[in-house]
Structure formats: structure tokens, C-alpha cells
Amino acid sequence: MSCPRSHTLATLRLTNPCLNLRLPWEEKEAAMSQGGAGERKAAKPQDQGWAWMVLLAAVVLQGMTLGFPPCIGIFFTDLQRDFQASNSETSWFPSIMVAVLHGGGPLCSILVKRFGCRFAVMLGGLLSGVGMVSSSFCRSISQLYITAGFITGLGSCFSFQAGVTALGYYFVRWRTLANAMASTGVSLGFTLWPLLSQYLLDEMGWRNTFLIFGGILLNCCVCGAIMRPVQLASGSLLQSPKPGEELRRKAEETQLSNGASPPHHELQKQSRRTACFRVLQKYLAFDIFCQNKGYQIYTIGVTWMMMGFALPHIYLVPYAIQNGVEERRAALLISVIGFINIFIRPFTGLLSGHKFFSGRRIYLFSLAVLLCGLSNFICVVSAEFSVLIIYCVILSIAMSGIGALTFQVLMDVVEMDRFSSALGLFTILESITLLIGPPLTGLLVDITNDFHYVFYNSSFFLISAALFMALTFCALEKKTKLKEASKVPVDNPSRYQYSEMPTESQPESQPPPAVVYITSI
């Protein structure tokens, strides 16, 4: 027996062929075919066309966010003089900025998942600009902690991490190349920000300079506008809830709307605690930290290393000025570090990708950290400008190795399906030591009135971290080989050994993997 609606539609089709009327099953088939065509169309923007504009925006973003904090050392002496602050009090300002920039990763992850990359980048640009503009009106050093430290640091975190995430959506086949090219923005920022800072400081003072910096950082909003959303082949950027969870949620909403109290109040509290635990496990991988020995050793080593890593960036310019180096030449030292980074960082990335270093990148990373620590003794020997230039060249080579390998080694010791959550805990722990390291060293300088202790401190933390990571990973490998030789079965090998996680190149037709939010040094 035919359906009356089907008969009516068929009659209308014959009488008026221009009408676009479909039967129910035809609508379903058409929707499926349009969905497939939409997926094929959605995949086209990746690796071509507008994707290269997004890459250019990512380069500018990394230059304006990660490349910005090192130039703060140029204003160190002026801020001390205007606010009558000690070395320890002044160093809290760049420390808070860098710590929030690194530690705001989980918050940025939630923001990106809820509102998308474009919104997060533009919000970050707005916060960065407002923070620097507000800092130009500060009347105390503590106000500077909130404006330029916390607000600008949080804005830079949002812009940087959301920009890297958007880049991952736009590139599939050329993702590695795109990330490598985008990271050159950090080196460009390292080079250009100090030169611009010193010029503006000489011409119009630090307050007007911070006001101009606020306007420059607002350009992150322009970069965010370029990063328009991409519809992936999967049809959506966000994961839909499971059917069981959706049905349970609807049932609870219906029950509450009818005026009935939800059953088992204690069970609901338990479910809330479970949900909270799952969120923490998603963004902060405490279970991996307790079980995976390689991740545990590496996280502790890098966290300890960060106590001394940022010290030369903050105190190098004040140290040079105190020892008679002209202010313009002292600012040039930071630019030298950035300029050398432009050429050395890609070479370090290529070197670490060689098959000889497969499974041995942790030792190459430890060597870079050791070189960074040993180079600080050059500053102790002499504070002549020519000697400081040599120091900056060696420091830049070591920093290039650290920057290129930090997250690559983390990928080697953690499975990629848990990398995002492992990265969240990793960045929060390192942000804590980045926050407290410079002020504690500044306090030591205030007590002793000797800047040499900056470089002694930095060398101690860097050298001890390098030796700790290299020796413990070597012992871990020997322990693994002994277990393999004795043929003792191991329940979970990833807990006891350091091994490189193999990654296969992904076909162009496949959607990119789960979003990974990355910060960089």
C-alpha cells in the first residue's frame, strides 16, 4: 500500500519539475552523499592555499609571544631605578610572565575545545595588548606583576598554544615542516625584540615603550582572524558524547524538570568526583608520572633544569651594564643569541632526526643542557664585550639543542595517545621552577651584591640536571637489557624502559590525530 505523502510528492514532481522535492529515503541518501562530498571538500584546505597564510600567521605569533619575554631584561635597570626595587623584586615580573606563559596550557586546552582556535588566539592577543598598555600606567612594581606579568603572560599563552593547534589542523602531510618553519618565529622575535626595545627605551622611556608594545601585541588578533576554522574529514573538531552518557543526561534533565529529586544523591556526588578525576587525568597525567619511569625521570630533570635555564636571559643585560658595557651593546647580546638560533635550531632538528640518534635523543638533550651549564663559566672569567659575544654564541648553540629536543624526547618516552595529558603536567611543573628560580637568585645577588652568583646558580642547576638525566636513563637501559637477557616477563614494558615510540607518516586523506597542545622553550 503506497504512502499518501509519497504519492503527493510524485504528483508534484510531474506537474512542476523545477521543485526540488525528495522522498524521505531519498533525503537520507542525498544527505549521506552530501556529507561525503563535504568531507572531501573540507580536506582540500589542508597543506595548500590558505594553509600557508596560517603558517605565516603562526610565525608572527611565535615571534610576538615566545620571542617577547627575553627582551624584558633590557628594562631591568630602569624598572629598578623608578620603583626603587631590589633585584629579587624586579625579577618577579619576567618570572611571572614566563611561568604563566608555560603553565597556562591546560586552561588554553579547555578554551580551545570549547570555543575554537581562532577565538583563543584573538582573546590572547587582546589580553596581551591590554596587559602591556595597563603596565605603562603602573605606579608600583606589584601592579606590574598583575598587568605585564600575569595578564600579558596568560594572553601570550592563549595565542601561542592555540596558534600551534590551528597549524596542526591546517597541515597533515607537511605538518613537521610547518612546525619547524613556525618555530623560526621564536628566533626572529629573540633577535628583533631587544633591538626595538633598546631603541624605544632610549627615545621615549619604558612607559611609552610598553604602551607601543601593547599596540604591537594586539596584532595577535589579526593573526587569529586569519586562522579560520577548518572542517575536518571527520565532520567535527569536537568529540560527541557517547550514546549512553547522552541518554543518562537527558533522563536526569527530564527528571529534574518534573520536580523530582535525582536518585541516589551519594552516587551523584561519587559520579562528580569521578568526572573531576577524569578531567585531571586528561590534562594532568599523574598516573603516567607514577607508572612510567622514563617520564618520571625526564619530568624531574627538566623541572630542576628550569631553575637555572632562564637566569642568563634575565640577568645578562644588567650584568653587562654593571661591568661597563654600553646599554646598546648590552641589548645586542640577546639579539646575538636569537640570530644564531635561526640557523642552528633547524640543523639541530635534522641532526636529532638521524637514525643514529633513534632512541638516544635523551643523551643528546643532556649534552645540550651540560653545554649550556658549562658556558656560564665564561661570564665568570670575564665581562668584556668580546668575551660575552663568545658566551652568547655558545649559549645559543646549547639553547637550540634544548629547544629542538625538549618535546621530541617527551614524545619518545610517552605513548602518543597520552601525550597531551603528559604535556599538561610537564609544563605546569616546569612553570613552577621558572617562577621561583629568578627571584631566589635575585635575592642571593641582593645579599652578596655580586652578579657572578647568577651564573654559578645557573651552572649548578643545569649541570646537575644533565648528569641526573643521562646517568639515570643509562641505568634504566641497563636494567631493561638485564631483564631481557634473563627473559623475565614484564607486564608493562613502557614502565621500565626508555624506547622511541614509532610514528608513521599519515596519509593525506586521513584526518589529523587528536589535538596536542604544545608549549616551547
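Check the entry above for the structure.
Residues numbered from 1 in each chain as written. Predicted model: local features only at pLDDT ≥ 70, side-chain atom pairs only at ≥ 80, totals over all residues. Heavy atoms only, no water.

1. Points about the pattern of salt bridges
1) Next: Taken as a whole and judged by the stated rule, the model has three salt bridges.
2) Next: As a salt-bridge pair, R81 and D78 come within 2.8 Å of each other at their nearest N and O atoms. Of this pair, R81 and D78 both sit in helix α4 (residues 76-83), separated by three residues, roughly a single helical turn.
3) Next: Its relative accessible area of 48% is what places R81 among the partly exposed residues. (Salt bridge = Lys/Arg side-chain N within 4 Å of Asp/Glu carboxyl O. Helix = DSSP H or I, 4+ residues; strand = E, 2+ residues; numbered from the N terminus. Buried < 20%, exposed > 50% of the residue type's maximum accessible area, 1.4 Å probe, protein only.)

2. Considering the environment of G373
1) Next: Mapping G373 onto the fold places it in helix α17 (residues 361-381).
2) Next: Sequence-wise, G373 and A465 are 92 residues apart; in three dimensions their C-alpha atoms are separated by 9.5 Å.
3) Next: Not counting residues up to four positions away in its chain, the partners in contact with G373 are S459, L462 and I463. (Contact = heavy atoms within 4.5 Å.)

3. With respect to the side chain of Q80
1) Next: Topologically, Q80 is positioned in helix α4.
2) Next: Those residues in contact with Q80, other than ones at most four positions away along the chain, are A85, S86, N87 and T90.

4. So, the packing of α17 against helix α18 (residues 385-413)
1) Next: Where α17 contacts α18, the two axes come as close as 8 Å, and the packing angle between them is 155°. Considering the angle they form, α17 stands roughly antiparallel to α18. Crossing of α17 over α18 shows left-handed handedness.
2) Next: Its residues placed into classes, the contact of α17 with α18 shows 19 nonpolar, five polar and two charged. (Axes fitted to C-alpha atoms, helices over the stretch in contact; angles between N-to-C directions. Parallel < 35°, antiparallel > 145°, perpendicular 65-115°, else oblique. Left-handed = near helix turned anticlockwise from the far one by under 90°. Nonpolar A, V, L, I, M, F, W, Y, C, P; charged D, E, K, R; others polar.)

5. Here we look at the state of the cysteines
1) Next: What the rule picks out here adds up to zero disulfides.
2) Next: Not engaged in a disulfide, the cysteine C223 finds its nearest cysteine sulfur in C220; these two sulfurs lie 6.0 Å apart.
3) Next: No disulfide involves C392; its nearest neighbouring cysteine sulfur is the one of C379, lying 7.1 Å away. (Disulfide = S-S within 2.5 Å.)

6. A look at the packing of aromatic side chains
1) Next: For the structure shown, the criterion picks out 24 aromatic pairs.
2) Next: For the ring pair W52 and F171, a centre distance of 5.0 Å and an interplane angle of 75° mean the geometry is edge-to-face. Taken together, the positions of W52 in helix α3 (residues 50-65) and F171 in the loop between α8 (141-170) and α9 (175-217) put the pair 119 residues apart, joining distant regions of the chain.
3) Next: Classification of F171 by relative accessible area gives buried; the value is 0%.
4) Next: Seen from their ring centres, F339 and F343 are 5.2 Å apart, and the 75° between their planes marks the pair as edge-to-face. Of this pair, F339 and F343 both sit in helix α16 (residues 327-352), separated by four residues, roughly a single helical turn.
5) Next: On the basis of relative accessible area, F343 is assigned to the exposed category, the value being 53%. (Phe/Tyr/Trp six-rings, centres within 6.5 Å; stacked < 30°, edge-to-face > 60°.)

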